[in-house]
Amino acid sequence: MPDASSTLGSSRISSLCLVPCALCLDPRTLSRFWSYLYFMPSTLITNIKRLVNTRLESPLLRGKLLSDLPFIEDAFLIIEDGHIAEYGSMVNIKHPTSNFKLSFDASNKFVLPAWCDSHTHLVFAGSREGEFVDKIKGLTYADIAAKGGGILNSSKKLNETSEDELFNQAWKRLEEVSRLGTGAIEIKSGYGLTVEGELKMLRVIKKLQQRSSLKIRSTFLGAHTYPAEYKENHQGYIDLLVREMLPVIAKEKLADYIDVFCENGFFSPAETETICNAGLQYGLKPKIHANQLSASGGTQVGVKLGAVSVDHLETMDEDAIHTLAHSSTIGTLLPTAAFFLRMPFQPARKLIDNGCAIALATDYNPGSSPSGNMNLVVSMACIGMKMLPEEAINAATINGAHAMEYGNELGTITMGKKANLIFTKPIPSLSYYPYAFGTNLIDKVMINGEII
Ligand code: NIG
Ligand code: FE
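So, a few notes on the structure that sits alongside this text. (Residues numbered from 1 in each chain as written. Chains lettered and ligands numbered in written order. Predicted model: local features only at pLDDT ≥ 70, side-chain atom pairs only at ≥ 80, totals over all residues. Heavy atoms only, no water.)

### Topic: the pairing of strand β1 (residues 43-52)
For β1, the tally of buried residues reaches eight of ten residues, placing the bulk of the element in the interior. Sheet topology note: the β1/strand β4 (residues 102-105) ladder contains four bridges and is parallel. Residue pairing across strands places I45 opposite F104, the latter belonging to β4. Of the strand pairs in this sheet, β1 and strand β5 (residues 110-113) are connected by two bridges, and their pairing is parallel. If you follow L51 over to β5, its bridge partner there is V111. (Buried < 20%, exposed > 50% of the residue type's maximum accessible area, 1.4 Å probe, protein only. Helix = DSSP H or I, 4+ residues; strand = E, 2+ residues; numbered from the N terminus. Pairing = 2+ DSSP bridges.)

And the structure:
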């Protein structure tokens, strides 16, 4: 529905004192005051065909609210210091174009918040297209694992790759996904499976955080699978995770979250609980791989632990849906992983209709989703999971932001949020965007107010 508050933001200056005083203004407000007074706001975008997901507040969306995608037609947007400073309808624009360092016309273009991809394994070494071909020829997951494939294949490659090389490969992927409209991303470890390998991955993620203009969250997924030498000694590996890895991760501030692949043949709900509780002691909240291959209790244990999200959810039973719907944990759906593994898509309709809070993410990884393209995820959510375009866009923006605890900074067009934006090519309607799947409909991407 159209956003009724189409002039919001324009009263901000008048709410400031004429003579700013250090006692009543924080440094950021103070710098913005002088910027307004002497330089004027920096970027003006005019004649936007439709400014999408404009909100005064941006709570986590669940159930019916997920299909409400507010917008302003024929809109303007002002960016200052990389943040959204003002926006509204063109009829209410107050500032002449000459006041701005930069101004451009967005006629015929839709402007959306950049995608918030809350589940990826973007740091990995090499690729696994050999397994892809093996699967086409009929080999099963077990056959491939017996040949040394799967997560252990990536782990071997990762442990043979230097930190610099790993960084270079990850950097290229990060640049690629940012050009595809991703402005914030979560990245997991989990292909090291040794103390050195896991720390190497997390240090690469830290370097990406330091060097990239994208917002990045880091997740420790040492519990991705049991390394071969610990196959019969689960407690030994759990001890390694808890006693050797976690203290260093906490000391070097290498992770924001802890993840476990809770699945039959991987980590049991009880093991998941032990590992996550150890992480929680260091301040790492859980984000769990749950209900991918079976209804093995991952969702229930995630909710019990107060997980920020439980992710995958291809295989949900009634109890898992009910438990998730009555919790504050987000269900993150990864449709490209289901597609790539030729599995049934996640039951998005059932989850939404039961009141669950749903986010969408890519799961970018070499084994089950060798694509970090959020545009494709949004299309696939509509095509394969029957999500409405509005639901899919909300799930890939504001709910994705919440799944990284960035809900106050990203994911909507809201005063003070980061100016991370997607400018579409001319399109006839918003629904055209997921409908024309596979076509690149992005004209430009802006991160922190800068076109990349
Ligand atoms: O999220 N399910 C667990 N982990 C990854 C796949 C890992 C791999 O095959 O490399 C996932 O799909
Ligand atoms: Fe994953």
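Still more to cover.
### Observations regarding the pairing of strand β7 (residues 182-188)
Buried residues dominate β7, accounting for seven of its seven residues. Note: strand β6 (residues 115-117) against β7, three bridges, orientation parallel. Note that in β7 the partner of C116 across the bridge is A184. Alignment of β7 against strand β8 (residues 215-223), held across five bridges, turns out to be parallel. Note that in β8 the partner of K188 across the bridge is T219.

### Re unusual backbone geometry
Backbone geometry at N47 places phi at a positive 55 degrees, although glycine is not the residue there. Relative to the helices and strands, N47 is located in strand β1. Although it is not a glycine, L313 sits at a positive phi angle of roughly 65 degrees. Among the structural elements, L313 can be located in the loop between β11 (309-312) and α10 (318-325). For L313, a relative accessible area of 0% corresponds to the buried category.

### Thoughts on helix α4 (residues 151-159)
Regarding α4, the residues found buried are I151, N153, S154, S155 and L158. Those residues of α4 hidden inside the fold are in contact with α2 (129-136), α5 (163-179) and α6 (195-211). (Contact = heavy atoms within 4.5 Å.)

### Brief notes about the coordination of the iron ion (ligand 2)
Protein-derived ligands of the iron ion (ligand 2) are H119 (NE2), H121 (NE2), H289 (NE2) and D363 (OD), with the metal-ligand distances lying across 2.1 to 2.2 Å. All donor residues of the iron ion (ligand 2) come from one chain, and their arrangement in sequence is H-x1-H-x167-H-x73-D. Separated by 74 residues along the polypeptide, H289 in strand β10 (residues 285-290) and D363 in the loop between β13 (358-360) and α13 (374-385) bring together distant segments of the chain. For the pair H289 and D363, a shared accessibility class is recorded, and that class is buried. (Donors = N, O, S within 2.8 Å, 3.2 Å for Na, K, Ca; no water.)

### Focus: the sheet that holds β10
Reading across from one edge, β6-β7-β8-β9-β10-β11-β12-β13 is the order of the eight strands in this open sheet, with parallel pairing throughout. What marks the edges here is a single partner per strand, and that holds for β6 and β13. For this sheet, the mean angle separating the axes of adjacent strands, direction not counted, is 25 degrees. Lying over the sheet, α13 contacts β6, β7, β12 (330-333) and β13, oriented at roughly 85 degrees with respect to β6. (Axes fitted to C-alpha atoms, helices over the stretch in contact; angles between N-to-C directions.)

### Some points on the site of ligand 1
Surveying the vicinity of ligand 1 reveals 14 residues, the closest of which are R128, Y191, H224, Q292 and S368. Taking H121, its side chain carries an N or O atom lying 3.3 Å from an oxygen atom of ligand 1. H289 places a side-chain nitrogen or oxygen 3.0 Å from an oxygen atom of ligand 1. Within the complex, 96% of the 330 Å² of free accessible area of ligand 1 lies under protein. Here the shell around ligand 1 is composed, by residue class, of three nonpolar, nine polar and two charged. (Near = heavy atom within 4 Å. Polar contact = N/O pair within 3.5 Å; in protein donor to acceptor, adjacent residues only side chain to side chain. Areas by Shrake-Rupley, 256 points an atom, 1.4 Å probe, with all protein chains shown as cover. Nonpolar A, V, L, I, M, F, W, Y, C, P; charged D, E, K, R; others polar.)

### A short note on a nonpolar patch on the surface
A cluster of nonpolar residues, F132, V133 and I136, forms a patch on the protein surface that exposes about 260 Å² of accessible area. By the secondary structure assignment, F132 is in helix α2. Among the residues examined, F132 registers a relative accessible area of 37% and is labelled partly exposed. (Patch = residues over 30% accessible without salt bridge, like charges linked within 9 Å, V, L, I, M, F, W, Y side chains within 5 Å. Salt bridge = Lys/Arg side-chain N within 4 Å of Asp/Glu carboxyl O.)

No statement about biological role is implied by the geometric values presented.
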